[in-house]
Amino acid sequence: MSNHNHHTGNKNFDLEKYIEAHTTPEDQLLSELRRQTHLKVLRPRMVSGPIQGQLLTMICQMIRPRAVLEIGTFTGYSAICMARGIDQEGHLDTIERDDELEDFIRPWFQKANLEEKITLHIGNALQVIQQIDKKYDLVFMDGDKREYPEYYETIIEKINPGGFILADNILWNGKVIEEPDPGDTYTLGILRFNNMVKEDHRVEQVILPIRDGLMMIRVKP
Ligand SMILES: C[S@@+](CC[C@H](N)C(=O)[O-])C[C@H]1O[C@@H](n2cnc3c(N)ncnc32)[C@H](O)[C@@H]1O
C-alpha cells in the first residue's frame, strides 16, 4: 500500500490525517514494525499503514474466515493485522517471493505471538499456491501488480463458495483512468485485472476508494 495521493491536494491530505486521527491507532508492535521497515527495507512505502491494517483486522473479525491466504507478505504488517482478526481456529498462509525478507519477517511473527497462526511461505505465489492443497475463505492479493490477472485465475478455483478476495492498489494512483503508456506493464496488469473481474459472472465486487483502491470480490455460492 503506498501513499502517492498525499500531495495531490491539501484537502485530500487533511482528510487522510483526519481519517487516521479517528481510526483506532496501531499498537506499539505494529508501529515499531513500520519504523523498522522504513529503516531497514527497500521500498518501505509498500507497507500497509494503520488505516488499511485496521480495515484488514475488522474484515477478518466480520467474516470470520477459517483459512486466509495473502500474496505478498513484504515485512508482515498486513499478515499480523489479519491474523489478529481471525478466530482461534483460523489460519493464515502468507507468501513472499523475496527470500531476503524472511529473516526480517519471522521474528515479528514471533514477537506478535502469531507463529502458530501464520505460515510463511517463501517462493513465487503462482507456484506455491499450486502446492498447497487447501480452499480459502479470504485472499488478500498484494503482490506484483503485473501478475494480478494470473493470481486471480490461480486463486479463483481455490476459494470456498461465498468466500472473498481483497485486491489492493487497483486504482494505481489514478492511472486507471488515464491513457495507458503501452510500456507501462504495471498499469496494464491492473487494467486487465479490473476488467477480468468485471466480466466474470462467478463473482460480484465493489471498489473501496481507500488509499490506492481496494477491490472486494465475493465468489457467488
Ligand atoms: C506491496 S508489497 C506487500 C505489502 C504487505 N502486504 C503489507 O501490506 O504490508 C508486495 C510484496 O509482494 C511480493 N511479491 C511480488 N510478486 C510476488 C509473487 N509472485 N509471489 C510472492 N510474493 C510476491 C514482493 O516481493 C513484495 O514484498
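In the block above lies the structure referred to throughout.
Predicted, not measured: the structure shown is a model, and the values here were computed from it.

Describe in detail the overall build of the protein, supporting the description with residues and values.
The number of helices and strands found in the protein is eight helices and seven strands. Considered along the principal axes of its C-alpha atoms, the protein spans approximately 45 × 40 × 35 Å. For the protein, the residues scored as buried account for 38% of the 221 residues in total. Counting only contacts in the protein whose residues sit at least 6 apart along the sequence, the fraction spanning at least 24 positions is 70%.

Explain the environment of Pro 25 residue by residue, including any values.
With respect to the element layout, Pro 25 can be found in the loop between helix 1 (10-21) and helix 2 (28-40). For Pro 25, a count of 13 C-beta atoms within 10 Å corresponds to the partly exposed category. Remark: the alpha-carbon pair of Pro 25 and Pro 50, spanning 25 residues in sequence, is separated by 6.2 Å.

Outline the pairing of strand 2 (residues 91-96), supporting the account with residue identities and numerical values.
The buried fraction of strand 2 amounts to five of the six residues, a majority that puts the element mostly inside the structure. Here strand 1 (residues 67-71) runs beside strand 2; their pairing, made up of five bridges, is parallel. Looking at the pairing, Ile 71 lines up with Ile 95 of strand 2. This β-α-β element, strand 1 to helix 4 (residues 77-85) to strand 2, shows right-handed connectivity.

I'd like a rundown of the site of the ligand, residues and numbers included.
In the region of the ligand, 20 residues are neighbours, and Ser 48, Gly 72, Phe 74, Ser 78 and Ala 125 sit closest. Breaking the shell around the ligand down by element, the ones donating at least two residues are helix 4, strand 2 and helix 6 (125-131). Classifying every residue of the shell around the ligand by side-chain character gives nine nonpolar, five polar and six charged.

Provide a residue-level description of the sheet that holds strand 2, including the pertinent values.
Pairing in this open sheet of seven strands is mixed, and the strands run 3-2-1-4-5-7-6 from one edge to the other. Where the open sheet ends on each side, the last strands, each with one partner, are strand 3 (118-122) and strand 6 (203-208). Each strand of the sheet is rotated relative to its neighbour by a mean of 15°, with strand direction disregarded. Both strand 2 and strand 3 contribute to a ladder of five bridges, which runs parallel. Opposite Glu 96, over in strand 3, you have Ile 122 as the bridge partner. In the packing of helix 5 (residues 102-111) onto the sheet, the strands contacted are strand 2 and strand 3, and the crossing angle to strand 3 comes to about 175°.

What counts and how
Residues numbered from 1 in each chain as written. Predicted model: local features only at pLDDT ≥ 70, side-chain atom pairs only at ≥ 80, totals over all residues. Helix = DSSP H or I, 4+ residues; strand = E, 2+ residues; numbered from the N terminus. Buried ≥ 20, exposed ≤ 12 C-beta atoms within 10 Å, placed from the backbone. Contact = placed C-beta atoms within 7 Å. Pairing = 2+ DSSP bridges. Right-handed = clockwise from strand over helix to strand, strands pointing away. Near = placed C-beta within 6 Å. Nonpolar A, V, L, I, M, F, W, Y, C, P; charged D, E, K, R; others polar. Axes fitted to C-alpha atoms, helices over the stretch in contact; angles between N-to-C directions.

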